[in-house]
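Geometric and topological summary
Chain by chain, the residues:
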Amino acid sequence: MSENSTDVIVIGGGTGGYSTALRAAHLGLDVTLVERDLVGGTCLHRGCVPSKAMLHAAELVDGVAEARERWGVKATLEGVDWPALTATRDDIVSRNHRGVEGQLSRAGVTVVRGTATLTGPRGVRVTDAGSTGGAGVQGWTARRGIVLATGSRPRTLPGLEPDGQHVVTSDDALFAPGLPKSVLVLGGGAIGVEYASFHRSMGAEVTLVEAAERLLPLEDEDVSRQLTRALKKRGITVLTGARMLDAHRVDARRADARRVDAATGGGPGIEARVRPARGAETVIAAERLLVAVGRVPVTDGLGLAAAGLTTDARGYVPPADLSTLSTAVPGLHVVGDLLPPPSLGLAHASFAEGLLVAETLAGLPSRPVDYAAVPRVTYSSPQTASVGLSEAEARAAGYEVAANVMPLTATAKGMVHGQGGMVKAVAERGAQGRVLGVHLVGPHVSEMIAESQLAVAWDASPADIAQHVHPHPTLSEAVGETFLTLAGRGLHQHA
Ligand code: FAD
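This part covers the site of the ligand. Around the ligand, 38 residues are found, and the nearest of them are Glu35, Thr42, Lys52, Asp337 and Ala347. A distance of 3.0 Å separates an oxygen atom of the ligand from a polar side-chain atom of Thr15. Between the ligand and Ala116 there is a distance of 2.9 Å, counted from a nitrogen atom to a backbone nitrogen or oxygen. Summarising the interface, the protein chains cover 95% of the accessible area of the ligand, which totals 990 Å² for the free molecule. When contributions to the shell around the ligand are tallied by element, the ones reaching two or more residues are helix 1 (15–26), strand 2 (31–35), helix 2 (41–45), helix 3 (48–71), strand 4 (115–120) and helix 9 (347–361).

In structure tokens form, the structure reads like this:
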């Protein structure tokens, strides 16, 4: 086994790991990044990037119907060429991948291909080490510290292991050979909602089952309500407060597969018994069951015990100090999906965590991640985007709350889009009260949340934002108008 030393070892080359490595290298540290698969991790290869590329294609499909039905554009959809769609998606992913590899190389980060296991608080063994230093086993010692960035993987259901074809995770859905005619999506969080939306745009019969009383249960209730209404209008069957009791694969050759065949247009599929919040138990037949019931941190084989670390009951690696993301073992830090809440399991949160940890390791003053001001986006049609507290959270935290909701269709641009949606702002009551939360539903709202993020992060009042003129005609006018109303100066609404 070859023995090597470096300032910082980063285990895992996803968004959390590579942002740590880049920033640490830019600050002059000697950095070694160990990745057993591809740098870029979940977000680039199986998450944010490919799913948003597919959702962009879904938007184009929806646009054809809108063009014909609303605008007199004589457009017809011939169909979707799945291999062509995935080829464009994969091209975007691989260009990004080359970009990340190039950045790491230019920054002087040593990337070691292999699986890392902790051998102690400052030691790592890398097996199947390939890309540098030759194949075999490498031992590494970190002079400054080790950063754990091994991320997460899809949670699966006991007794219903994914087969990549009829029972799939969000990973498998990317690499499936074709588009299904019917899908049962289990889980109404961001990933489940995005995939339900995508498959509906692609023409599938979609049923979305969520155990909580509402979709996106961590978001403001008005967001869940508006989103659910819009998805139902698009023809998605939404069952909330619903439990999937069991599900089994159905073989086309069996007699009881007839119903499934009817639903799927032939071929085997799945049948699931679902108990909705109200009404009788129902059996749902679909060609594909997409399990989107959350993600679990990846720590198996990482050797946490050798370094003196343990996970919490949910499998996360908790930091001892949130302001530096250091663990109880000096020099050992955690970033990304390995972290429990208040971290958010989002790529942009992991970027911020990577910068924080790199700067801490370089001896710079640490500025903790302001999790309360990290935006959350769901890229379905319609999209949702929010930052800060929901109205219920603000009230529960003891604030005297002033809230205002403005429909996007109250603006000219909202009428042009014709997709409904809203801006909801939650603020402390009173002239100098702070903006506590902003919640958006509608087209392109992912691009509109940044100004509200600054408002929440900088403790702005509605009047602070309202004094700045928003461009006309845009959807962002609705944000300006909402704050004008809360500041007592609304033209179209009075608080
Ligand atoms: P990961 O990206 O999972 O990276 C961990 C890396 O560690 C992996 O590459 C793995 O191979 C490697 N590894 C693990 N163990 C070892 C080991 N022992 N040795 C060496 N290497 C190891 N977030 C957003 O902000 N916006 C979105 O739109 C969004 N969409 C998503 C859509 C989907 C379908 C999914 C699944 C996720 C999405 N996310 C999104 C979440 C985002 O992808 C994650 O929050 C982010 O990837 C977490 O980064 P990470 O660095 O913690 O872990």
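This is not the end of the story, as more comes after the structure.
The final tally for this structure, using the stated rule, is 25 salt bridges. In this structure, Arg95 and Asp91 form a salt bridge, with 3.2 Å as the shortest nitrogen-oxygen distance. Taken together, the residues span about one helical turn, with Arg95 and Asp91 both in helix 4 (residues 82–107) at a distance of 4 residues. Within the structure, one salt-bridge network assembled from shared partners comprises Asp220, Glu221, Asp222, Arg225, Glu391, Arg395 and Lys424.

A separate point is the side chain of Ser343. Note on placement: Ser343 falls in the loop between strand 17 (332–334) and helix 9. We classify Ser343 as buried; its relative accessible area is 8%. With residues up to four places along the chain from it excluded, the contact list for Ser343 reads Gly336, Glu353 and Tyr371.

A separate point is the packing of aromatic side chains. Here the structure, examined in full by the defined rule, presents 2 aromatic pairs. When the centroid spacing of 5.9 Å and the interplanar angle of 70 degrees are considered together, the rings of Tyr18 and Phe351 count as edge-to-face. You can see Tyr18 sitting in helix 1 and its partner Phe351 sitting in helix 9, a full 333 residues away along the chain. Centre to centre, the rings of Trp82 and Phe198 are 6.4 Å apart; their planes meet at 50 degrees, and the pair counts as tilted. With Trp82 in helix 4 and Phe198 in helix 6 (residues 190–201), the pair connects residues that are 116 residues apart, well separated along the chain. With respect to burial, Trp82 and Phe198 carry one shared label: buried.

Further remarks concern the domain arrangement of the protein. On domain assignment, one finds that the protein holds domain 1 (2–46 + 87–153 + 296–371), domain 2 (167–291) and domain 3 (382–486). For domain 1 versus domain 3, the separation of C-alpha centres amounts to 36 Å.

Contact geometry of helix 1 with helix 4 gives a least axis separation of 9 Å together with a crossing angle of 30 degrees. The pairing of helix 1 with helix 4 is recorded here as roughly parallel in orientation. By crossing handedness, the relation of helix 1 to helix 4 is classed as left-handed. Note on element contacts: helix 4 touches helix 1 through Val100, Gln103, Leu104 and Ala107, opposite Tyr18, Ala21, Leu22, Ala25 and His26. Of the residues assigned to the contact of helix 1 with helix 4, the class counts are 7 nonpolar, 2 polar and no charged.

Turning to the pairing of strand 19 (residues 383–388), a few remarks are in order. The two faces of a sheet get side chains in turn, since along a regular strand they alternate between them. Most of strand 19 sits out of view: 6 of its 6 residues are buried. Where strand 18 (residues 376–378) lies against strand 19, 3 bridges are found, and the strand directions are antiparallel. Bridge assignment links Val377 to a residue of strand 19, and that residue is Ala385. In this antiparallel pair of consecutive strands, strand 18 and strand 19, the connection spans 4 residues. In this sheet, strand 22 (residues 435–442) lies alongside strand 19 in antiparallel orientation, the contact comprising 6 bridges. Within the sheet, the bridge partner assigned to Gln383 lies in strand 22 and is Gly442.

The rules we used
- Residues numbered from 1 in each chain as written.
- Predicted model: local features only at pLDDT ≥ 70, side-chain atom pairs only at ≥ 80, totals over all residues.
- Heavy atoms only, no water.
- Near = heavy atom within 4 Å.
- Polar contact = N/O pair within 3.5 Å; in protein donor to acceptor, adjacent residues only side chain to side chain.
- Areas by Shrake-Rupley, 256 points an atom, 1.4 Å probe, with all protein chains shown as cover.
- Helix = DSSP H or I, 4+ residues; strand = E, 2+ residues; numbered from the N terminus.
- Salt bridge = Lys/Arg side-chain N within 4 Å of Asp/Glu carboxyl O.
- Buried < 20%, exposed > 50% of the residue type's maximum accessible area, 1.4 Å probe, protein only.
- Contact = heavy atoms within 4.5 Å.
- Phe/Tyr/Trp six-rings, centres within 6.5 Å; stacked < 30°, edge-to-face > 60°.
- Domains from an automatic or database assignment.
- Axes fitted to C-alpha atoms, helices over the stretch in contact; angles between N-to-C directions.
- Parallel < 35°, antiparallel > 145°, perpendicular 65-115°, else oblique.
- Left-handed = near helix turned anticlockwise from the far one by under 90°.
- Nonpolar A, V, L, I, M, F, W, Y, C, P; charged D, E, K, R; others polar.
- Pairing = 2+ DSSP bridges.

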